Amino acid sequence: MPASKQRLSVETLRWKNGRLEMIDQRALPSEVHYLSYDSAAGVAEGIRSMVVRGAPAIGCAAAYGVALEALRLQHAAASEFSAQLEAGFSVLAASRPTAVNLFWALARMRNVWQNCSGGTPTQTASMLLAEAHAVRAADIEINRRMGRHGAALLEDGARVLTHCNAGALATAGYGTALGVIRAAIEAGKKVSVFADETRPFLQGARLTAWELAQDNIPVTLIADNAAGFLMSRGEIDAVIVGADRVAANGDVANKIGTYTVAVLAQRHRIPFYVAAPLSTIDTGIASGADIPIEERNADEIRGYGELRWAPQDIPARNPVFDVTPADLVTALITEKGVMRAPDAGKIGKLLEENPG
Ligand code: MRU
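Fair warning: this is a prediction, and the values are worked out from it, not measured in the lab. (Residues numbered from 1 in each chain as written. Predicted model: local features only at pLDDT ≥ 70, side-chain atom pairs only at ≥ 80, totals over all residues. Heavy atoms only, no water.)

K.L.:
Report on the packing of helix α3 (residues 78-93) against helix α4 (residues 100-115), specifying residues and quantitative values.
P.N.:
The geometry of α3 relative to α4 is characterised by a closest axis approach of 10 Å and an angle of 165° between their N-to-C directions. When the axis of α3 is compared with that of α4, the two are roughly antiparallel. For α3 against α4, the interelement crossing comes out left-handed. On α4, the residues that touch F81, S82, L85, E86, F89, L92 and A93 of α3 are L102, F103, L106, M109, R110 and W113. Looking at the contact of α3 with α4 residue by residue, the classes come out as 10 nonpolar, one polar and two charged. (Axes fitted to C-alpha atoms, helices over the stretch in contact; angles between N-to-C directions. Helix = DSSP H or I, 4+ residues; strand = E, 2+ residues; numbered from the N terminus. Parallel < 35°, antiparallel > 145°, perpendicular 65-115°, else oblique. Left-handed = near helix turned anticlockwise from the far one by under 90°. Contact = heavy atoms within 4.5 Å. Nonpolar A, V, L, I, M, F, W, Y, C, P; charged D, E, K, R; others polar.)

Here you go:
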């Protein structure tokens, strides 16, 4: 059975009755419900407001956003269809800046659109929907492949620290970093996870802890600032994180706090692994310094939901990603294998061998 047809314990996005449904990740873990979308603008707002988040999941959502827009417009005149679909691409591209998978997916959808020139809007819409389904199915397959490569890096009994959520919820299913952990467990190893809570949006506490518990994978939640202490006591054997964008030289943009964890891991001689599909590598960006880093509303720092714990107008900054230099990365795990000590030469060769 192809991996994409295997049962997923968590369905991040699904196609139902001609609409895209996405699990509302803002409500997890207290509530599990899906929101339904029928336009590019709706999906863009879902991405911006974090209904869906995580680089590969954002890419899949954007692909469906384009398909939904084309379906919505399929009975319009050809010129109107083109103009409105172009606007749909723009609104999706403006939703979040850092995860390159968003732009990768839009480029893939644009390619299909261009190849449909001469077709009717209805034919184009149907091709775009087929492509969105293909993006989703391929993501699950890729994660499983990445998992199998990465699993070999984990010893039986490994205690693994992860930051943010790079799991099923951050992808179409199975996960990148958490996919490696799932694959190691499927291979018969005992692996347990420490999940950083991941302030300020609490992806670790709310999402990683929840999804691992769904699969009965042993997980212990820690405050972000406890990681160094546990490392110093020899309680962490490896770190695995995902990525939002990997620059041509191997620098990695990921959730804010990842860089801190990488520095701590180096200090304690703990391997620091990054699991990311080739679609997360951006060779158009020479180094991490050029990766656009999203800054979100400072209210996310002053409180969460309705709860406020800082003075109302206290100045606050909320950069939501940081950059880990390539020399702190022990290995980059992709669907093509494990690249130790990633650098520009190795990454260039990998992409040359796997044009995409
Ligand atoms: O702001 P988010 O929740 O979209 O950030 C997500 C991350 O930083 C993940 O670690 C990254 O996208 C890898 S997901 C497989």
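After presenting the structure, the write-up continues.
K.L.:
An account of the pattern of salt bridges is requested, with residue identities and associated values reported.
P.N.:
Enumeration over the complete set of coordinates arrives at 20 salt bridges. E45 is paired through a salt bridge with R48; the nearest N and O atoms lie 2.7 Å apart. You can see E45 and its partner R48 sitting in helix α1 (residues 40-48), three residues apart, about one turn around the helix. Overall, E45 belongs to the partly exposed group, its relative accessible area being 38%. Note on R48: relative accessible area 40%, which makes it partly exposed. Overlapping salt bridges bring together E11, R14, E21 and R136 as one network. (Salt bridge = Lys/Arg side-chain N within 4 Å of Asp/Glu carboxyl O. Buried < 20%, exposed > 50% of the residue type's maximum accessible area, 1.4 Å probe, protein only.)

K.L.:
Mind laying out the sheet that holds strand β11 (residues 281-282), listing which residues take part and the relevant values?
P.N.:
Strands sit in the order β11-β8-β9-β14 across an open sheet of four strands; the sheet is mixed. Only two strands of the sheet have a single partner each, and these edge strands are β11 and β14 (321-324). Sheet topology note: the strand β8 (residues 245-247)/strand β9 (residues 252-255) ladder contains two bridges and is antiparallel. Counted as the bridge partner of R245 is A253 from β9. (Pairing = 2+ DSSP bridges.)

K.L.:
Could you give an account of the site of the ligand, naming the residues involved and the relevant values?
P.N.:
Residues in close proximity to the ligand total 19 residues, the closest being R53, R96, D244, N254 and K255. In this structure, an oxygen atom belonging to the ligand sits 2.9 Å away from a side-chain N or O atom of Q203. Between the ligand and K255 there is a distance of 2.7 Å, counted from an oxygen atom to a side-chain nitrogen or oxygen. Protein contact buries 100% of the 410 Å² of open area that the ligand shows by itself. When residues of the shell around the ligand are traced back to their parent elements, those giving at least two are α2 (55-72) and β9. (Near = heavy atom within 4 Å. Polar contact = N/O pair within 3.5 Å; in protein donor to acceptor, adjacent residues only side chain to side chain. Areas by Shrake-Rupley, 256 points an atom, 1.4 Å probe, with all protein chains shown as cover.)

K.L.:
Residue-level account of the packing of aromatic side chains, with values.
P.N.:
Per the stated rule, a full pass over the model turns up three aromatic pairs. Between the aromatic rings of F89 and W113, the centroid separation amounts to 5.6 Å while the plane-to-plane angle is 10°, which identifies the pairing as stacked. Here F89 is found in helix α3, whereas its partner W113 is found in helix α4, with 24 residues between them in sequence. By the burial criterion, F89 is buried, and W113 matches it. Taking 5.9 Å as the distance between ring centres and 70° as the angle between the ring planes, the aromatic pair formed by F201 and Y304 counts as edge-to-face. Here F201, found in the loop between β5 (192-196) and α7 (203-214), pairs with Y304, found in strand β12 (residues 303-304); they are 103 residues apart in sequence, far enough to count as distant. A relative accessible area of 12% means that F201 is categorised as buried. The positively charged end of K255 is found above the aromatic ring belonging to F321, 4.2 Å away from the centroid. (Phe/Tyr/Trp six-rings, centres within 6.5 Å; stacked < 30°, edge-to-face > 60°. Lys NZ or Arg CZ within 6 Å of the ring centre and 35° of its normal.)

K.L.:
Residue-level account of α3, with values.
P.N.:
Note on helix geometry: an α-helix contains 3.6 residues per turn, so any two residues three or four positions apart are oriented the same way. With 16 residues, α3 ought to run about 22 Å at 1.5 Å a step, and its terminal C-alpha atoms sit 23 Å apart, in line with that. Among the residues of α3, those classed as buried are F81, L85, G88, F89 and L92. Down the axis, α3 shows its buried residues gathered within 100° of arc, on one side only. On its buried face, α3 sits against α1, α2, α4 and α5 (121-151). (Expected span 1.5 Å × (residues − 1). Arc of directions from axis to C-beta.)

All quantities given are derived from atomic positions and should not be read as evidence of function.
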